[in-house]
Amino acid sequence: MLLCKTCGVELDEGLDHCPLCGRSVHDDKKTLNAPLPASIFNKKTTAAGELYLLQRITWQVTAVLLLSGIIATLIIDAWVHKRITWSVFPISVCTILLSYAAVLALIRTGLVLQLIIGWIISTGVLIGFHYIFQDTGWMLRLAIPILFITNLMTMVLIFLMRSVGTKGLNVFAFSLFMIAIYCICLEGLISLYTRNQFFIQWSIIVTACLLPVTASLLFIHFRIKRNKHLEKIFHT
Amino acid sequence: MLSNLSIINNLSFESSCLVDHPEACFPGAPLTKSVLEEKQTMLNRQHPDFWMRLDNAAKIYPAVQSEELTAVFRLSCILKDRIKIMPLLKAVQLIEDRFPYYKVKPKRGFFWYYLEHHNEKISVVPDVTTPCRAFQKGELIFRVLVKANRVSVEFSHILTDGSGAFEFLKTLLITYFHCCNISIPEKLSFLSPQDIPLQEEFEDAYSSHFQRNLPLPKNTPKSFHLPFTLNPVPRFKVVVAMIPLDAVSKSARQNDVSITVFLVSIYLMSLQNIYNRLSKFQKRKSRKIFRIQVPINLRKIFPSKTMRNFSLFVTPEIDLRLGQYTLEETLKTVHHLMQLETDKKLMNKIISRNVSAERNLLLKNTPLFIKSLILYFTYKVAGTSRYSGVITNLGKVNFNSGLDTLIDHFVFIPPPPNKTLKVNCGVLGFGNKLILSFGNITNSKELEREFFSELMKLNIPVKIMNY
């Protein structure tokens, strides 16, 4: 009689593995405490390992490209102007991207925490550049608030995505809605920097266009979702 | 009739669907592939994407459940021989479509949660972790677990109560025996995998038996609670004990009470003993009313074939402000209180109160996130403060056939208790074995010890089992 050493159930003759836990019937007692073989239990672990490897490769390629960009723009700017001028913009952008890429690829934690760490590092980088390159103040008064708003919006979007069960057109709807809010914040921040007052104009038009589209997408999403009626969502 | 049944009403189940296939009648003949395919096609055509409202008892659980307070209970059958895994998997496959109302997932609506049908495979997993663990988001909210000679089913209370879950386990066991080429008696009463589910099996029986404008039952004061410290997470631990049914039955008969009344009285006596050992300060602080919640299967009182929740509670009590109780006095009090409270008219009153609350115009039109907060805090504040303990007796299992010889015993493990209640107890009998299981989230086993000591004082032997 063949027995599974994990589940204790009786296996049919000819079975190599327990169909429940995936353990081989030939496992001896020494291997009982070893991790279970690739089966229903550790498929996720294997998939996570592959994902991590892919992230590392992507990070290495991204790092090489961004560092090359930083060095190239720095050399050209310094060569032409004999000092750092316009290259501070691409250098800042590339450094921020580099720090996010590093955090996302190398720190194995939740996405929201990764974004927070990335935001802290990027903010530190911008403050550092502000003092190193002695810019006109756009880093402190414009770049850092925009970076904050971008992170905040991304995190809200992630929360919305995670809280919905079925992902369909509602994903687009939420994204468009967040873009509308983001545009208002962006224009407000730029106006605060340039005019010293909160002033919005074009972002209202963007929002007015996007909100009906968002509402339509949500409506269609709930209409076509499985049983094509809204009663189950709104029953009292 | 329920409005949520409007969807199901349209399904128009036909119980005679397999009339053309007499050769496939279960038991006695194997389920042929063509019959299964036809049944699947019919089910898909009839209810490809149905949804159901949560029944009245289930409505509270999504708002209060957590990794610890899982609202998941377990029924286990311990066979005399090891489980043969391939026939078991085959049996699970055969009963896949018999219980469509269980293949649902809880979803958030705007005003209420609802159950959405998902035709996913029933999860069969090795039974190697803590019993009654929570279901993860996106899972079906029941599972089958297997270990050695034990097959278990775990159900979220959102889906059904012990009776519904037991019918599922019964069908699974009989189908398993059939797959092991064991002959099944023709007169055996169970939900055959070949039958199409009846419309009544889907129904919210609370709403079906709801009567308007009944007077409200009177409020009960808060009761005594065990003063033990909670275990660190994960808190839930189970002690399973076996007592001879004939010995318990004899003691109960001597006092002219049922086994449930007898066990509730023993529970109350154990609580009284624990109270008596408290310090003066703790005694002054504790409440003096000892009240036990005893679930009652309403299918025995109201005609219903529902496979969803349909139970209510009676709450026998003793009041220590009146003095100490002897076992005889406790038995008498519990017996009469239970006789009184299981009256159909009183049950109607409780159903009416519960269903009226969910139909309250203001409450039902409140968005779910506010409603969940209200339910959560109501449960936190008032939830189980009225009870000192719970005993769920599912009764005695008897297949009345040769199948009984293949089974050693059954175990019922109630859902993990909350932080107020701390301990609960499940009872299930089979043959001459009455199995008690105590689910406990504290670091003390004093209640269990007291309970077993009280039984042993009455010459009822207790054997602690390795579960």
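Values in this document were obtained by computation on a predicted structure and should not be read as measured data. (Residues numbered from 1 in each chain as written. Chains lettered and ligands numbered in written order. Predicted model: local features only at pLDDT ≥ 70, side-chain atom pairs only at ≥ 80, totals over all residues.)

Considerations on the overall build of chain B
Part 1: A count of helices and strands for chain B gives 15 helices and 16 strands.
Part 2: Within chain B, contacts between residues at least 6 apart in sequence are counted, and of these 76% link residues at least 24 apart. (Helix = DSSP H or I, 4+ residues; strand = E, 2+ residues; numbered from the N terminus. Contact = placed C-beta atoms within 7 Å.)

Describing the pairing of strand S8 (residues 237-244) of chain B
All names here are of chain B.
Part 1: Both S8 and strand S15 (residues 433-440) contribute to a ladder of eight bridges, which runs antiparallel. In the sheet register, Val239 faces S15, and the bridge partner there is Phe438.
Part 2: Two strands pair when backbone bridges link them, and S8 and strand S16 (residues 463-465) are joined in this way by three bridges, in the antiparallel orientation. Residue Val240 lies in a different strand from S16, and its bridge partner there is Met465. (Pairing = 2+ DSSP bridges.)

Concerning the nonpolar core
Part 1: Ranked by internal contacts, the top residues of the largest apolar core, which has 119 residues, are B:Leu172 and B:Tyr267.
Part 2: When residues of this core are assigned to domains, at least three fall in each of domain 1 (5-208) and domain 2 (237-465) of chain B.
Part 3: In contact with B:Tyr267, other than residues within four places in its own chain, are B:Ile292, B:Gly389, B:Ile391, B:Cys425 and B:Phe451.
Part 4: Judged by nonpolar contacts, the second largest core, of six residues, contains A:Leu66, A:Ile91, A:Leu98 and A:Ala101. (Core = buried A, V, L, I, M, F, W, Y, C linked by C-beta atoms within 7 Å. Buried ≥ 20, exposed ≤ 12 C-beta atoms within 10 Å, placed from the backbone. Domains from an automatic or database assignment.)

Side note on unusual backbone geometry
All names here are of chain B.
Part 1: Backbone torsion omega between Val233 and Pro234 reads -5 degrees, so that peptide bond is classified as cis.
Part 2: One non-glycine residue, Ala148, lies in positive phi territory at about 50 degrees.
Part 3: Relative to the assigned elements, Ala148 resides in the loop between strand S6 (142-147) and strand S7 (150-156).
Part 4: The phi dihedral of Asn181 falls on the positive side, at around 60 degrees, and the residue is not glycine.
Part 5: Turning to its location among the elements, Asn181 is positioned in the loop between helix H5 (162-179) and helix H6 (199-202).

Some details on the sheet that holds S7(B)
Residue and element names in this part refer to chain B.
Part 1: Judged by pairing direction, the sheet is mixed, and its five strands sit side by side in the order S5-S6-S7-S2-S13 without closing on themselves. Every interior strand has two partners, whereas the edge strands, strand S5 (124-126) and strand S13 (407-413), have only one. Neighbour-to-neighbour, the strand axes of this sheet turn through a mean angle of 20 degrees, independent of strand direction.
Part 2: Sheet topology note: the strand S2 (residues 72-79)/S7 ladder contains seven bridges and is antiparallel. (Axes fitted to C-alpha atoms, helices over the stretch in contact; angles between N-to-C directions.)

Considerations on the sheet that holds strand S4 (residues 113-117) of chain B
Strands pair in a sheet through their backbones, by hydrogen bonds, and they do so in one of two ways: parallel or antiparallel.
Residues and elements named next belong to chain B.
Part 1: Spatially, the three strands line up as an open sheet ordered S1-S4-S3, and their pairing is antiparallel. Here the strands that pair on one side only, and so sit at the sheet edges, are strand S1 (51-53) and strand S3 (104-108). Neighbouring strand axes in the sheet, compared pairwise and without regard to direction, differ in orientation by 30 degrees on average.

Digging into the confidence of the model for chain A
Part 1: With 86% of its residues at a pLDDT of 70 or more, chain A shows a mean pLDDT of 82.
Part 2: At the level of individual helices and strands, chain A shows its lowest average pLDDT in helix H7 (residues 231-234) of chain A, which scores 78, and its highest in helix H5 (residues 169-195) of chain A, which scores 91. (pLDDT = per-residue confidence, 0-100.)

Focus on the interface of chain A and chain B
Part 1: Contact with chain A, which involves 19 residues of that partner, is made by 24 residues of chain B.
Part 2: Elements with a minimum of two residues in the side of chain A that touches chain B: strand S2 (10-11) and H7 of chain A.
Part 3: The biggest single contributor to the side of chain A that touches chain B is H7(A), with three residues.
Part 4: Of the residues assigned to the side of chain A that touches chain B, the class counts are nine nonpolar, six polar and four charged. (Nonpolar A, V, L, I, M, F, W, Y, C, P; charged D, E, K, R; others polar.)

Points about the packing of helix H4 (residues 85-95) of chain B against H5(B)
All names here are of chain B.
Part 1: Between H4 and H5, the shortest axis-to-axis distance is 8 Å and the interhelical angle comes to 125 degrees. By the criterion of interaxial angle, the relationship of H4 to H5 is oblique. Judged by the twist between their axes, the crossing of H4 over H5 is right-handed. Mapping the contact onto sequence places Pro87, Leu88, Lys90, Ala91, Val92, Leu94 and Ile95 in H4 and Thr171, Leu172, Thr175, Tyr176 and Cys179 in H5.
Part 2: Among the residues making up the contact of H4 with H5, the classes are represented as nine nonpolar, two polar and one charged. (Parallel < 35°, antiparallel > 145°, perpendicular 65-115°, else oblique. Left-handed = near helix turned anticlockwise from the far one by under 90°.)

A short note on the domain arrangement of chain B
Residue and element names in this part refer to chain B.
Part 1: Taken domain by domain, chain B holds domain 1 (5-208) and domain 2 (237-465).
Part 2: Per-element accounting of the side of domain 1 that touches domain 2 gives the leading share, eight residues, to S2.
Part 3: Considering only residue class, the side of domain 1 that touches domain 2 consists of 28 nonpolar, 10 polar and 12 charged.

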